[in-house]
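As a plain string of letters, each chain reads:
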Amino acid sequence: MAKHTRVVGIAAPLPLNNLDTDQIMPKQFLLGIDKSGLARGVLYDLRTLADGTPDATFVLNRPAYRDARILVGGANFGCGSSREHAVWGLQQAGIEAVIAPSFGEIFYFNALNNRLLLIGLAPADVATLAELIDDPAQSLLTIDVERQQVVAANGQTFAFDLPPRQKHMFMEGLDMIGMTLRDRDAIAAFEARHRDDAPWMQIDLPRQQRTA
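Residues numbered from 1 in each chain as written. Predicted model: local features only at pLDDT ≥ 70, side-chain atom pairs only at ≥ 80, totals over all residues. Heavy atoms only, no water.

Short version of the rule: UniProt positions are given in the numbering used here, feature names are shortened, and annotations may be inferred rather than shown by experiment.
If you check an unreviewed UniProt entry, the protein appears there as 3-isopropylmalate dehydratase small subunit from Pandoraea captiosa. Recorded in UniProt under Pathway (unreviewed entry), the annotation for the protein is "Amino-acid biosynthesis; L-leucine biosynthesis; L-leucine from 3-methyl-2-oxobutanoate: step 2/4."

**A closer look at empty space enclosed by the protein**
Using the following cut-off: Definitions used for this entry: grid spacing 1 Å over protein atoms alone; cavity, a set of points where a 1.4 Å probe fits but cannot get out; pocket, an open set with protein on both sides within 12 Å along at least 5 of 7 lines; lining residue, one with an atom within 4 Å of a point. Grid points are joined across faces, edges and corners, and a volume is the space filled by probe spheres set on the points. For this classification, Asp, Glu, Lys and Arg are treated as charged, while Ala, Val, Leu, Ile, Met, Phe, Trp, Tyr, Cys and Pro are nonpolar and the rest, including Gly, are polar.
The final tally for this structure, using the stated rule, is one cavity of 30 Å³ or more. Taken together, Leu112, Arg115, Leu116, Leu117, Gln166 and Phe170 make up the lining of the largest cavity. Residues of the lining of the largest cavity, tallied by class, amount to four nonpolar, one polar and one charged.

**Looking at the pairing of strand E5 (residues 140–144)**
Here is the rule: The cut-offs for exposure are 20% and 50% of the maximum accessible area for each residue type, with area from a 1.4 Å probe on protein chains only; residues under the lower value are buried, those over the upper are exposed, and the others partly exposed. Segments assigned H or I by DSSP are reported as helices when at least four residues long, segments assigned E as strands when at least two residues long, and all are numbered from the N terminus. Strands pair, by our definition, only if DSSP identifies at least two bridges between them.
Extensive coverage of E5 is indicated by the burial of four of its five residues. As paired strands, strand E1 (residues 6–14) and E5 are joined by five bridges and run antiparallel to one another. The residue of E5 that forms the bridge with Ile10 is Leu140. Bridging between E5 and strand E6 (residues 149–151) involves three bridges; their strand directions are antiparallel. Residue Ile143 lies in a different strand from E6, and its bridge partner there is Val150. The antiparallel hairpin formed by E5 and E6 contains four residues in its connecting segment, where Gln148 sits at a positive phi of about 55 degrees.

**Observations regarding the pairing of strand E3 (residues 97–100)**
What counts here: By definition, the crossover connecting two strands over a helix is right-handed if that path, from the first strand to the second, turns clockwise as seen with the strands pointing away from the viewer.
Across the two faces of E3 the burial is the same, with Ala97 and Ile99 and Val98 and Ala100 all buried. Pairing geometry for strand E2 (residues 70–73) and E3, over three bridges, is parallel. Looking across to E3, one finds that Ile70 is bridged to Ala97. What joins E2 to E3 is helix H3 (residues 85–92), and the crossover it makes is right-handed. In this structure, E3 lies alongside strand E4 (residues 117–120), joined through four bridges in parallel fashion. Of the residues in E4, the one forming a bridge with Ala97 is Leu117. The parallel pair E3 and E4 is bridged by helix H4 (residues 105–113), and the resulting crossover is right-handed.

**Some thoughts on the pattern of salt bridges**
The criterion, for reference: For salt bridges, the criterion is a side-chain nitrogen of Lys or Arg within 4 Å of an Asp or Glu carboxyl oxygen.
One pass over the structure, following the stated rule, counts three salt bridges. Between Arg83 and Asp22 there is a salt bridge; the shortest N-O distance is 2.7 Å. Taken together, the residues Arg83 in the loop between E2 and H3 and Asp22 in helix H1 (residues 21–24) connect sequence positions 61 residues apart. Taking relative accessible area as the criterion, Asp22 reaches 33% and is therefore assigned partly exposed. Note that Arg69 is salt-bridged to Glu96, the shortest N-O span being 2.4 Å. Linking Arg69 in the loop between helix H2 (44–47) and E2 with Glu96 in the loop between H3 and E3, this pair joins segments that are 27 residues apart in sequence. A relative accessible area of 25% means that Glu96 is categorised as partly exposed.

Here's what the structure looks like:
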């Protein structure tokens, strides 16, 4: 994964409180056994009419916001079930960051562990941003992860907090596996100590099983 310190792009206002993961990624799009093809399901019931045609009034279907890379959402964004597909789908749809007053706890860590950037701001600040970007001419936002600031098109800045571990993962281009592999030497040393300290717990597998 590439290293980067900023997300710059069009931000779309999606001021819906309690937008849950079932709405972000409806169940009928969870039929595959891998992560592919999820973009078409993102916010499907909001994006489409009953006959399956696009709803022209929905923000992400409007020409000015079709290429949005940032969502400015409502409180408790991503509540509901723990489905990680909601995170993967948003990313496949081109969303790199979500700004909201609060997030569902499981969704929050699912997102950050997959490097979907979640930014929590005070409700008043989110309302200010949402009002600003409702004007397409003011919809460009910059999220400076290194400085922990959101910079609006008019120059306003909004400071945010980010857990140090997740900040490091985002900036260094690491997912959870990559982060764990950085400790491979310490893990190997622990395994060696454990074998020496508790040899009775070791299972002497046939060579082909040990190397499989």
